[in-house]
Amino acid sequence: MIIIESLSKSYGSHKILNNINLTFKKGTINGIVGENGAGKTTLFKCISGLENFEGAVDYNNKTLKNVTGYLATDLFFFSKMTGHEYLQLLCNARGINDSNIKESNLFNLPLNEYAENYSTGMKKKLALTGLLIQKNEVYILDEPFNGVDIHSNIIIQEILLKLKQLDKIVIMASHIFSTLNESCDYLHYLKDGVIKNSVSKGNFEAIENDMKGDGIDSKLMDILT
């Protein structure tokens, strides 16, 4: 279980996250939704150990970043490194020596080609494959469905289901509400750096309505009529 207590993050005088309190249980998929600039990516970086912050993040008294796979929105690949070499690098980072990279190629990527030349969707699929090969305990996925084809979206949905069955913790953001509704057990609405609402499956409509904003219907009518 991940327990986040009073997490706050500021850049100078600008506060990005303010007193975040969340709990993520094993075997659950947790969605974080919010407008652009709400603080989702910053929250993910704090949980992953990539940013300093005020407050506490506890995971069974373990160092969370050592067992977490973080899929960022902006991916980086070293120049002249093939897809296979990239996956091998991630294995080496976790001390994994017995992984069969070729058989782990779920998305049928051209692993002998340079990763920097991949399309946006291919890069995302390569990065996700690397996180899976690492056999992480926690997966933080920032917009995993963006930029990938329909067939790959189906595979990613299957991956999420399997991670849940394996008792992993999944935390993800998406602007595609239907994918969150299909995949998530819990949904948390982050607005202006604050968790405005948290609901369990079956009650996601409450957050969807919150996100529409006050007066949106009348504003639309003013524009369209």
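Residues numbered from 1 in each chain as written. Predicted model: local features only at pLDDT ≥ 70, side-chain atom pairs only at ≥ 80, totals over all residues. Heavy atoms only, no water.

Right, let's get into the overall build of the protein. Looking only at helices and strands, one finds 7 helices and 9 strands in the protein. Here the C-alpha atoms of the protein give a radius of gyration of 18 Å, agreeing with the 17 Å that 2.2 N^0.38 yields for 225 residues. Oriented by its inertia axes, the alpha-carbon framework of the protein measures out at about 55 × 45 × 35 Å. Across the 225 residues in the protein, those meeting the buried criterion constitute 46%. Long-range contacts, defined as pairs at least 24 residues apart, comprise 66% of the intrachain contacts of the protein with a sequence gap of at least 6. Taken as a whole, the protein presents about 12,000 Å² of accessible surface, with 48% of it coming from carbon and sulfur. Charged side chains in the protein number 23 positive and 26 negative. The centres of these two groups are separated by 4 Å. (Helix = DSSP H or I, 4+ residues; strand = E, 2+ residues; numbered from the N terminus. Rg over C-alpha atoms; globule rule 2.2 N^0.38 Å. Buried < 20%, exposed > 50% of the residue type's maximum accessible area, 1.4 Å probe, protein only. Contact = heavy atoms within 4.5 Å. Areas by Shrake-Rupley, 256 points an atom, 1.4 Å probe, with all protein chains shown as cover. Lys, Arg positive; Asp, Glu negative; His and termini not counted. Charge placed at Lys NZ, Arg CZ, Asp CG, Glu CD.)

Attention now moves to the sheet that holds strand E5 (residues 68-71). Strand order in the open sheet formed by 6 strands is E5-E6-E7-E3-E8-E9, with mixed pairing between adjacent strands. Unpaired on one side and paired on the other, E5 and strand E9 (194-200) mark the two borders of the sheet. Each strand of the sheet is rotated relative to its neighbour by a mean of 15°, with strand direction disregarded. Here strand E3 (residues 28-33) runs beside strand E8 (residues 186-191); their pairing, made up of 4 bridges, is parallel. Along E8, the bridge assignment pairs Gly 31 with Leu 187. Against the sheet, helix H3 (residues 120-133) contacts E5 and strand E6 (138-142), and its axis sits at roughly 175° relative to E5. Sheet strands in contact with helix H6 (residues 204-212) are E3, E8 and E9, and its direction is about 20° off that of E8. (Pairing = 2+ DSSP bridges. Axes fitted to C-alpha atoms, helices over the stretch in contact; angles between N-to-C directions.)

Glancing now at the confidence of the model for the protein. Taken as a whole, the protein shows an average pLDDT of 90; of its residues, 95% reach a score of 70 or greater. Within the protein, no element has a lower average pLDDT than helix H7 (residues 216-224), which sits at 66, and none a higher one than E6, at 97. (pLDDT = per-residue confidence, 0-100.)

Time to look at the pairing of E8. Inspection of the sheet shows E8 paired to E9 by 6 bridges, in the antiparallel sense. Bridge pairing in E9 links Leu 190 to Ile 195. Where E8 folds back on E9, the antiparallel hairpin that results is connected by 2 residues, among which Asp 192 adopts a positive phi of roughly 55°.

The next thing to look at is the pattern of salt bridges. In the structure shown here, the tally under the stated rule is 4 salt bridges. Glu 51 serves as the salt-bridge partner of Lys 9, at 3.3 Å between the closest nitrogen and oxygen. Taken as a pair, Lys 9 in strand E1 (residues 2-11) and Glu 51 in the loop between helix H1 (40-48) and strand E4 (54-59) lie far apart in primary sequence, 42 residues in all. Close ionic contact of Glu 137 with Lys 62 constitutes a salt bridge, the shortest N to O distance being 3.2 Å. Here Glu 137 is found in the loop between H3 and E6, whereas its partner Lys 62 is found in the loop between E4 and E5, with 75 residues between them in sequence. (Salt bridge = Lys/Arg side-chain N within 4 Å of Asp/Glu carboxyl O.)

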